[in-house]
There are 2 protein chains.
Amino acid sequence: MGYPTGITQGKRIMSKPLILIVNDDGYEAKGLYALVEAAKEFGEVVVVTPDGPRSGYAHGITMNVPLRLKQYKTDADGVDYYRTNGTPVDCVKLGQKVILKDRKIDLILSGINHGSNSSISIIYSGTMAAAIEGSVENYKSIGFSLLDYSPHADFTAAIAIAKKIIGQTLQHELPEYISLNVNIPKVPLEEIKGIKITRQTHGYWHEVLEERVDCYGRKYYWLDGWLVDNDPHEDTCEWALKHNYVSLQPVQFDLTAHQYINTLKFLEE
Amino acid sequence: MGYPTGITQGKRIMSKPLILIVNDDGYEAKGLYALVEAAKEFGEVVVVTPDGPRSGYAHGITMNVPLRLKQYKTDADGVDYYRTNGTPVDCVKLGQKVILKDRKIDLILSGINHGSNSSISIIYSGTMAAAIEGSVENYKSIGFSLLDYSPHADFTAAIAIAKKIIGQTLQHELPEYISLNVNIPKVPLEEIKGIKITRQTHGYWHEVLEERVDCYGRKYYWLDGWLVDNDPHEDTCEWALKHNYVSLQPVQFDLTAHQYINTLKFLEE
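**Some remarks on the overall build of chain A**
The helix and strand tally for chain A stands at five helices and 13 strands. The C-alpha atoms of chain A give 20 Å as radius of gyration, which agrees with the globular expectation for 269 residues (18 Å, within 12%). With respect to the principal axes defined by its C-alpha atoms, chain A has extents near 65 × 50 × 50 Å. A buried classification covers 49% of the 269 residues belonging to chain A.

As structure tokens, then:
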């Protein structure tokens, strides 16, 4: 691993921000390299990703098998790359507690995901779980997603948006213990109208469990479906994305439905 | 599958409530049978569980391999048991969309988990993810956890508590789109002081990634740690449990940190 020597500004030694990048699409994903591209001008970058796709792993952690970790390259810009058999959330923990354990991480970035993590998709998302995991220990943490599932998606606009948000996030204080869920519409940069701070659209996945029969006559199922949006208001993530805005949702890990604590007091009887 | 014929009350045919039970500890877990024991007097019970332990799977869903589903027994009380290679959340989806697809589910129960799902543990929990999954489509959903990790844990008190809460939940309206996170202290029933409606304690897992070397000289890691409670207030789940109350937390799936939407408007610039 390369340790930065610091940038001299007058008499003060300013160390470069230390940025941990993780993802859920695995170490070969184009979106990972797009995020490295966006981040590397802002500081020292260390990448820890799964050794293959982990979409839909949500906040899963690995408890039943041992975790492996391998540094497999350092690129021409000095970015160190590690991969693991673990989940996206394991990547954050391995980054914090093993690879960078004696150092202060300034920013945790996750993505850029191939596909949306708006609305209820956030709860299934490995990309956003990794960002949320960062916020649990109060690291500034951002998950980026592009609304394009293709492995060959064009990340040009997403890189420009990510650069802008990374720069702002490093310069400003953010509220404590939150992460940011950034979703980027699938349009060229000049068609993006701006960034909107949004709330999570109320919706659900209408699932279809497609039944098939294998070569041996045994049934199996593929989980498929589509997002149903029940919430056509202008302050939501889905509205913003449909109108070519970037959606930026502040995300918390307190799942308490505080508004119903008094309603449920009858269950104390 | 056994379909209920209904209970005649005067001239009205009342059908028995239909209860779907899932878990994350798998089809052999003692806690699963404890929950069936608690639930079966209230209605018709159908069980769908993973084919082995899935602790720490959180809200994971299976996208990379086909899902298998097998009905492996019907017990003497007519409870149908299914198991799958999927996750706890997959169990809910398979129960809703394949096994019970033409029927109205009245209650989804998850557990009884071997071990706590209080505080931040909720975000890693397969048990609670399954309950949350039920609430996404507005089913009444409850996750039960006993503060005892042992596979041989004594569920006597937990069964009594679960019966009480299941009965209340079937009788009363609950707020829409929430689930209940019920944690039960590891003490005999007579030492349980009551039920408290709580909020999620602010805390985190202090992780230790224990480094070992395998027989071939290669490093590996086990994820271990302990819960750090930063929030010693009397309205929290941790406080209730430490004082021998059952903790009942209303849980939502909207992760928006609404309180910071205005704070973050500067990022729209």
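Moving on, there is more to tell.
**Some remarks on helix H1 (residues 30-39) of chain A**
Residue and element names in this part refer to chain A. Burial within H1 is extensive, with seven of its ten residues counted as buried. Turning to H1, its buried residues number three or more, namely Gly31, Leu32, Ala34, Leu35, Val36, Ala38 and Ala39. On the buried face of H1, the contacting elements are strand E3 (18-22), strand E4 (44-50), strand E7 (107-114), strand E8 (141-146) and helix H4 (156-171).

**Observations concerning the environment of tryptophan 226 of chain A**
Residues and elements named next belong to chain A. Mapped onto the secondary structure, tryptophan 226 falls in strand E12 (residues 219-229). According to the C-beta neighbour criterion, tryptophan 226 is exposed, with 8 such atoms within 10 Å. C-alpha separation for the pair tryptophan 226 and valine 208, spaced 18 residues apart in sequence, amounts to 8.5 Å.

**Some points on the relation of the copies chain B and chain A**
Its rotation angle being 180°, the transformation that places chain B on chain A also includes 0.0 Å of axial translation and leaves an RMSD of 0.0 Å. Those values place the two copies in the arrangement expected of a two-fold rotation axis. Comparing interface residues between copies, 100% of those in chain B also sit at the interface in chain A, which points to an isologous, same-surface contact.

**Overview of the interface of chain B and chain A**
Contacts between the two partners involve 62 residues from chain B and, on the opposite side, 63 residues from chain A. Of all the secondary-structure elements, those providing two or more residues to the side of chain B that touches chain A are helix H2 (88-99), helix H4 (156-171), strand E10 (194-197), strand E11 (203-213), strand E12 (219-229) and strand E13 (245-251) of chain B. Considering only residue class, the side of chain B that touches chain A consists of 37 nonpolar, 15 polar and ten charged.

**Structural notes on the sheet that holds strand E6 (residues 80-84) of chain A**
All names here are of chain A. Strand order across the open sheet formed by nine strands is E5-E6-E4-E3-E7-E8-E9-E13-E10, with mixed pairing between neighbours. At either margin of the open sheet sits one strand with a lone partner, and together these are strand E5 (69-74) and strand E10 (194-197). On average, adjacent strands in this sheet sit at an angle of 20° to one another, irrespective of strand direction. Summarising the sheet, E3 and E7 pair through four bridges and their orientation is parallel. Paired with isoleucine 21 across the bridge in E7 is leucine 109. Each of E3, E4, E7 and E8 touches H1; the most contacted strand, E7, lies at about 140° to it. Those strands touched by helix H2 (residues 88-99) are E3, E4, E5, E6 and E7, and its axis lies near 135° from that of E4.

**Observations concerning the pairing of E5 of chain A**
Residues in a regular strand project their side chains so that they alternate between the two faces of the sheet. Residue and element names in this part refer to chain A. Here E5 runs beside E6; their pairing, made up of five bridges, is antiparallel. Each bridged residue has a counterpart across the sheet, and for lysine 70 the counterpart in E6 is arginine 83. Taking the residues between adjacent antiparallel strands as the criterion, E5 and E6 are bridged by five residues, where glycine 78 takes a positive phi near 85°.

**Side note on the confidence of the model for chain A**
For chain A, per-residue confidence averages 94 on the pLDDT scale, and residues scoring 70 or more make up 95% of the total. In the predicted assembly, ipTM is 0.93 and pTM is 0.94.

**Notes on the nonpolar core**
Membership of the largest hydrophobic core comes to 148 residues, with the highest contact counts inside it found for Leu35 of chain A together with Leu35 of chain B. When neighbours within four sequence positions are excluded, leucine 35 of chain B is seen to be in contact with Ile21, Leu109, Gly111, Ile112, Phe144 and Ala162 of chain B.

**Digging into the pairing of strand E4 (residues 44-50) of chain B**
Residue and element names in this part refer to chain B. Counting buried positions over the seven residues of E4 gives seven, a clear majority of the element. Here strand E3 (residues 18-22) pairs with E4 via four bridges, running parallel. From the neighbouring strand, leucine 18 faces E4, where its bridge partner is glutamate 44. With respect to chirality, the unit in which E3 leads through helix H1 (residues 30-39) into the neighbouring parallel E4 is right-handed.

**Digging into the sheet that holds E3 of chain B**
All names here are of chain B. Pairing in this open sheet of nine strands is mixed, and the strands run E5-E6-E4-E3-E7-E8-E9-E13-E10 from one edge to the other. At either end of the open sheet lies a strand with only one pairing partner, and these are strand E5 (69-74) and E10. If you compare each strand with its neighbour and ignore which way they point, the axes differ by 20° on average. In the packing of H1 onto the sheet, the strands contacted are E3, E4, strand E7 (107-114) and strand E8 (141-146), and the crossing angle to E7 comes to about 140°. Its contacts with the sheet put helix H3 (residues 126-136) on E3, E7, E8, strand E9 (179-184) and E13, and the angle it makes with E8 is roughly 170°.

**Topic: H2 of chain A**
Within H2 of chain A, nine of the twelve residues are buried, which leaves it mostly tucked inside the rest of the structure. Every buried residue belonging to H2 of chain A is among Pro88, Val89, Asp90, Cys91, Val92, Lys93, Leu94, Gly95 and Gln96 of chain A, and all of these are buried.

**Concerning the environment of leucine 223 of chain A**
Its location among the elements puts leucine 223 of chain A in strand E12. Judged by the 21 C-beta atoms lying within 10 Å of it, leucine 223 of chain A is buried. As a C-alpha pair, leucine 223 of chain A and glutamate 211 of chain A span twelve residues in sequence and 9.2 Å in three-dimensional space. Sequence-distant contacts of leucine 223 of chain A, that is, excluding residues within four places in its chain, are made with Glu207 and Leu209 of chain A together with Ile61, Thr62, Met63, Leu67 and Lys93 of chain B.

Conventions used here
One numbering rule holds for all chains: residues counted from 1, following each sequence as written. Chains and ligands are labelled by the order in which they are written, letters from A for the one and numbers from 1 for the other. Thresholds applied to this predicted model are a pLDDT of at least 70 for local features of residues and 80 or more for the giving and counting of side-chain atom pairs; totals over whole chains, interfaces and linings are not thresholded and use all residues. Strands here mean DSSP runs of E at least two residues long; helices mean DSSP runs of H or I at least four residues long; both are numbered from the N terminus. In this treatment the radius of gyration is a C-alpha quantity, and the globule benchmark scales as 2.2 Å times the residue count to the 0.38 power. Whether a residue is buried, exposed or partly exposed is read from the other C-beta atoms within 10 Å of its own C-beta, which are placed from the backbone; 20 or more gives buried, 12 or fewer gives exposed, and intermediate counts give partly exposed. Placing a C-beta atom from the backbone of each residue, one calls two residues in contact when those atoms lie within 7 Å. Only residues with pLDDT of at least 70 in both copies count here: their C-alpha atoms drive the least-squares fit that superposes the copies. Think of it as three bins: nonpolar holds Ala, Val, Leu, Ile, Met, Phe, Trp, Tyr, Cys and Pro, charged holds Asp, Glu, Lys and Arg, and polar takes everything else, Gly as well. Being paired, for any two strands, means DSSP has found at least two bridges between them. Fitted lines through C-alpha atoms give the axes, limited to the stretch in contact for helices. The angle between two N-to-C directions lies from 0 to 180 degrees. Confidence scores per residue from the predictor, reported as pLDDT, run from 0 to 100. By our criterion, buried Ala, Val, Leu, Ile, Met, Phe, Trp, Tyr and Cys residues that link up through C-beta atoms within 7 Å make up a nonpolar core. Seen with its strands pointing away from the viewer, a crossover is right-handed when the path leading from the first strand over the helix to the second is clockwise.

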